[in-house]
Amino acid sequence: MISGFRVKNIKRFDEFQMTGFILEHEKTGAKYFHIDSSDMNNTFAIHFCTPAFDNTGVFHILEHLSLCGSKKYPVRDPFMNMMKRSLNSYMNAWTGPDYTMYPFAAQNIKDYQNLRDVYLDATYNPNLDYKDYLQEGWRYEFLEPSNRKSGLLYKGIVLNEMKGDMARQDSYFLHKLQSNLFVNSVYNFNSGGDPRFIPTLKYENLVETHKKFYHPSNSKFFSYGDMNFLENLEFLEENLLSKLDGSNLKGRRFYVPNSIRLEEPKEVIDFYQTELGIGSEADNLAKMAIAYLCDDINQNPYETFKLSILSHLLMEGPNSIMFKRLIESGLAPGYCHGYGLDTSLKEATMTFGVQNIENDYRKFKEVEDAIMNGLKEVSERGFDYKLIEEVLHLIEYDSKKPKDDFGINLLNQSTGFITHSDYPFPMLHMNDFSYKLKKELKENGQLFQDMIKKYFLSNTHRIKLILRPKLDLISNLNNEEFQSLSRIDDRLTDIEVNKIIQDTESLVKHQSQIQSIDILPCLGLEDIPTSIEPVQFEKLNLVHDIPLSFFDQPTNGLSFIRIKANIKEIPEDLKEYIPLYNMLLPRLGTKDHSYEEFQNMLHTNSAGLSVSVDAFSDINDINKETENLVYEMSFLDNNMQKALQLYSQLLTVPNFFDLTNLNQIIKQESVKIANEIVNNSLDYAISYASAGLKSYKRTYSAFKSDMFICRLGSDLIQCASPRDILQATAEKLYLLHNLILRKTSLEFALNGTKKHLEGISVNLNLLINKIKNENEVFEREINTENTETSIFEEKYYKTIIKTPAQVYECVEVFKIPHYNHPDYAKCVIMSNLIGLSFLHKEIREKGGAYGSGVSPSDSGLCVFYSFRDPNAERTFNTFEKAIIYVRDGKFSEQDIKDAKIYTFSIVDKLINPGNKGLELFLRNLDEKSRNIFRNRLLTVNKEDIIEVCNKYLVPQLENGTTCRVVFGNVSNSGSGEMFDSSEWDFVDSLDFLSEKYFATNEEEEKQVS
Ligand SMILES: [Zn+2]
């Protein structure tokens, strides 16, 4: 017995050099899981089994309310406040359909203990204040709060959050799938809360639910890392478990029963709110899936593992049967959301499906036939062993790859096992499972064929789900809500009216109370180390004097190679193709191998290739800009020879001219991008606004790049014979590829161990010589004399980009100095201070936006932003007020300290061995500069902050030399006076995604981007 806990099981995981412990608390039956490792980033989590039992979202609202203050820490938003008092690497709370979990991770022990204390009190002793319930859950309010006749409304954060969720295609589709696939199950409910049912929840039910479910006997604790976990046990016993009394302390454990099995397949036809489509009318696009219920995930984790391999074999990559039958055949442009095996619920599910198909029964039949015939075909002929090898390699690679947040990652992947079993470690058995499978396959070559028969072909628990598009799904829901509210309004008694008015008043009072957060534990500035841990490296030379930086790192049997190529001198008309090049090159075949064959070999021996742009301003001169392309490669050291040979083939003789492959990839990716536009709006808004003030941001803006790919995809889909477009594109890419890989522009880096340095260097020399032989412009300097270097002209955008979302993303960008400038550190602290002390309160708490902040970057830009924001005009006014607030010095010393601690939690983010030294290799950011910057951050004072605000932000605001960009459904009139003004440009750039646009607006097509 240790602090009231008994050890039930100890398990050693040699490959990870970790040990797992399973303990049980004697008196309450609470479970404790610990994974002992040498990782200093210690993780802790409190878990409850909370299966949904209705559609009111009670567990979701409870999660919100737990984070609104507790007995020991009666502070309104302890979570947000701890963000600025802690150097944590992770803090969050997760609500799933059957569990609620509160995880965090931190490196500093004092910090860890502080957070543990706040988390424990938040979960077991929350205040559950009625006023917080009104704010977070739902409430009635009159349009004019004290005017009974002004009309009744519903308000509340979770209610609005779930209304927003209805519009998200991915979560809506998944919910429809799960709620129909399970029978008589907790998964039939919308655990986040269905907006129609949230207002049926009563406050008393919520309090009751907390008592019942947030009980130690229904709890599981999880810890991971290098700290002595016995101290955790002692802490739990002392602060929680020993304090309980009563006779039946074990009686409150909850379980999720298995679904009733269907004896006949079932068909479900439903609707979704359609949004944007590509190449066809949005209102004619349907989604469809065939889904199966498989086994209980805990019954046999090895079997679940095999199912995950099977899922991969059937669906991933160009060689899989579903890809060939559904995508390559042209039947659909992409898979549906959540396709493949899902092991996050009690029983595993397998989903095959597509989206953006024609809304037509004949089409649905074709898709169904393709799926069923595909399954039949592989159940008869089996899989090529090469494909199985590829998947097993992927598993081995993934398990060895160094990760930044191993504890949190593991927790995330293990929620199903933690919730439904007393053995949470199956994810650490992956490699054993892999060996076992290889052995089993030798004895039974039919293994996967048998599984297809068992789990799919003869499994009667199958549903066919079809979601047809509807343009007015959400507006109908709004109408329903409006009508039901007016019925309620008609019947309100005087007593009820008074209660509504009083509740509103007391909530406003509650929200505007000034609160002291001193009671929360806090790290001191003395807890922050004053210098960084130096990264050792060696600079060597490869052939043709091409430099190699070697970072000797404990990379766990893997090597990471990066090639950096300067692309600044590439002609502008070719630069346009760089985003396409980055997306395509990793997926091509070569001169000697088809893309199917080559991609299989590449992924059986390496992690594949990734290519990205890295552009930035010089740390000493803001106007000196560098534009690089970075190729990243990595592999298990056992495969070094083979991996480097394959990389060498892809880099020297890639085949851009397989037009069928090109066509498919572009179409598929453009559909994916178009589906994600609303989700990516904030990134797009930032990239669009930054493009006004920075040359390289204009060249490589994420919005421009993605729209380029979408437009090309759209052209290909519209075009009767896309051959010419593809041929021209391939020629550009080929030209571009050769211009990038020129001798003078190349530099290499290696993260790995000394043992493999020589072998890798020899192979890299071979690679360089091969590039030289294949690339006729290898030695050429690009002649920049003739190409006019156009001088960059700043543009102060005031731009609105329309999307169908009902909320906005607002961005305003200012210029600040370069990294090594003494003012830069002051600007960083100022930015974080504005975000934490001003914007959060004004834009999130009072304004109702989901988030806001200010992010400074070493590229000399300072970005103010808000997202999922209901009021764009108010937000831009708030940005102005924030600057005046700082200029007038209205902030406190505590605000400065908070901003500093928060800043260091970002600056000191953990970097795994595979990425160590990158800032030096890619950005020339050396140890000396970084230490000077650290010390500047620590010494910033109030005068400094006011000074840089006056020097940089105030004049740009007064002169209107900032960029303001809004993404959202702003109409030309009626969205506030600010946008009526003629200085704002409306860009309907997204309209080209629907067919209608092409018919009517041919000539405007080129205007955007
Ligand atoms: Zn929420």
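Cut-offs and rules
Residues numbered from 1 in each chain as written. Predicted model: local features only at pLDDT ≥ 70, side-chain atom pairs only at ≥ 80, totals over all residues. Heavy atoms only, no water. Pairing = 2+ DSSP bridges. Helix = DSSP H or I, 4+ residues; strand = E, 2+ residues; numbered from the N terminus. Axes fitted to C-alpha atoms, helices over the stretch in contact; angles between N-to-C directions. Contact = heavy atoms within 4.5 Å. Buried < 20%, exposed > 50% of the residue type's maximum accessible area, 1.4 Å probe, protein only. Donors = N, O, S within 2.8 Å, 3.2 Å for Na, K, Ca; no water. Tetrahedral: all angles 85-135°; square planar, octahedral: opposite > 155°, others 65-115°. Parallel < 35°, antiparallel > 145°, perpendicular 65-115°, else oblique. Left-handed = near helix turned anticlockwise from the far one by under 90°. Nonpolar A, V, L, I, M, F, W, Y, C, P; charged D, E, K, R; others polar.

J.: How should I be thinking about the sheet that holds strand 27 (residues 851-857) in this particular structure?
T.: Ordered by their spatial adjacency, 6 strands build an open sheet running 27-28-26-29-25-30, and the pairing between neighbours is mixed. Both outer strands of the open sheet, strand 27 and strand 30 (985-987), are each paired with one neighbouring strand and no more. Adjacent strand axes in the sheet meet at a mean angle of 15° when their direction is disregarded. Direction of pairing for strand 27 relative to strand 28 (residues 861-869): antiparallel, over a ladder of 7 bridges.

J.: Even after reading the chapter, I still don't get the sheet that holds strand 21 (residues 609-617), so can you show me in this structure?
T.: By way of backbone hydrogen bonds, the strands of a sheet pair with one another, either parallel or antiparallel. Within the open sheet, the 6 strands sit side by side as 17-18-24-19-22-21. Their pairing is mixed. For this open sheet the edge positions go to strand 17 (538-541) and strand 21, each flanked by a neighbour on one side alone. For this sheet the average axis-to-axis angle between neighbouring strands, irrespective of direction, equals 25°. Across 9 bridges, the pairing between strand 19 (residues 558-566) and strand 22 (residues 625-636) is antiparallel. Looking at the pairing, Ile 561 lines up with Met 633 of strand 22. Sheet strands in contact with helix 12 (residues 385-400) are strand 19 and strand 22, and its direction is about 115° off that of strand 22. The strands touched by helix 28 (residues 757-774) are strand 17, strand 18 (547-552), strand 19, strand 22 and strand 24 (746-752); relative to strand 24, the strand with the most contacts, the crossing angle is about 155°.

J.: I would appreciate a short explanation of unusual backbone geometry in the present structure.
T.: Across the chain, the bulk of peptide bonds are trans and the bulk of non-glycine residues have phi less than zero. In this model, Leu 128 sits at a positive phi of 45°, which is unusual for a non-glycine residue. If you trace the backbone, Leu 128 turns up in the loop between helix 3 (109-124) and helix 4 (130-136). A positive phi angle, near 55°, is found at His 544, a position not held by glycine. Mapped onto the secondary structure, His 544 falls in the loop between strand 17 and strand 18.

J.: Would you mind going over the pairing of strand 10 (residues 219-225) with me for this structure?
T.: The side chains of a regular strand alternate, residue by residue, between the two faces of the sheet. Here strand 10 lies mainly inside the structure; 7 of its 7 residues are buried. Along strand 10, one buried face is formed by Ser 219, Phe 221, Ser 223 and Gly 225 and the opposite face, lined by Lys 220, Phe 222 and Tyr 224, is buried too. One ladder, built from 6 bridges, connects strand 3 (residues 31-36) with strand 10; its direction is parallel. From the neighbouring strand, His 34 faces strand 10, where its bridge partner is Ser 223. Pairing analysis gives 6 bridges linking strand 4 (residues 42-49) to strand 10, with the strands arranged antiparallel. From the neighbouring strand, Phe 48 faces strand 10, where its bridge partner is Ser 219.

J.: Hey, could you run me through the coordination of the zinc ion in this one?
T.: Protein coordination of the zinc ion is provided by His 60 (NE2), His 64 (NE2), Glu 161 (OE) and Glu 161 (OE), with donor distances spanning 2.1 to 2.6 Å. Around the zinc ion, the 4 donor atoms are arranged such that angles at the metal cover 54 to 153°; this shape is classified as irregular. Between consecutive donor residues of the zinc ion, the sequence gaps follow H-x3-H-x96-E. You can see His 64 sitting in helix 1 (residues 58-66) and its partner Glu 161 sitting in helix 5 (residues 157-166), a full 97 residues away along the chain. On the basis of relative accessible area, His 64 is assigned to the buried category, the value being 16%.

J.: Which parts of the structure should I look at to understand the packing of helix 1 against helix 5?
T.: Each packed pair of helices is defined by two parameters, the angle between the axes and the distance between the axes. Where helix 1 contacts helix 5, the two axes come as close as 10 Å, and the packing angle between them is 125°. Between helix 1 and helix 5, the crossing angle belongs to the class labelled oblique. Seen from above, helix 1 lies across helix 5 with right-handed handedness. Contact residues: His 60, Ile 61 and His 64 in helix 1; Ile 157, Val 158, Glu 161 and Met 162 in helix 5. Of the residues in the contact of helix 1 with helix 5, the class split is 4 nonpolar, 2 polar and 1 charged.

Functional significance is not addressed by these values, which are geometric in nature.
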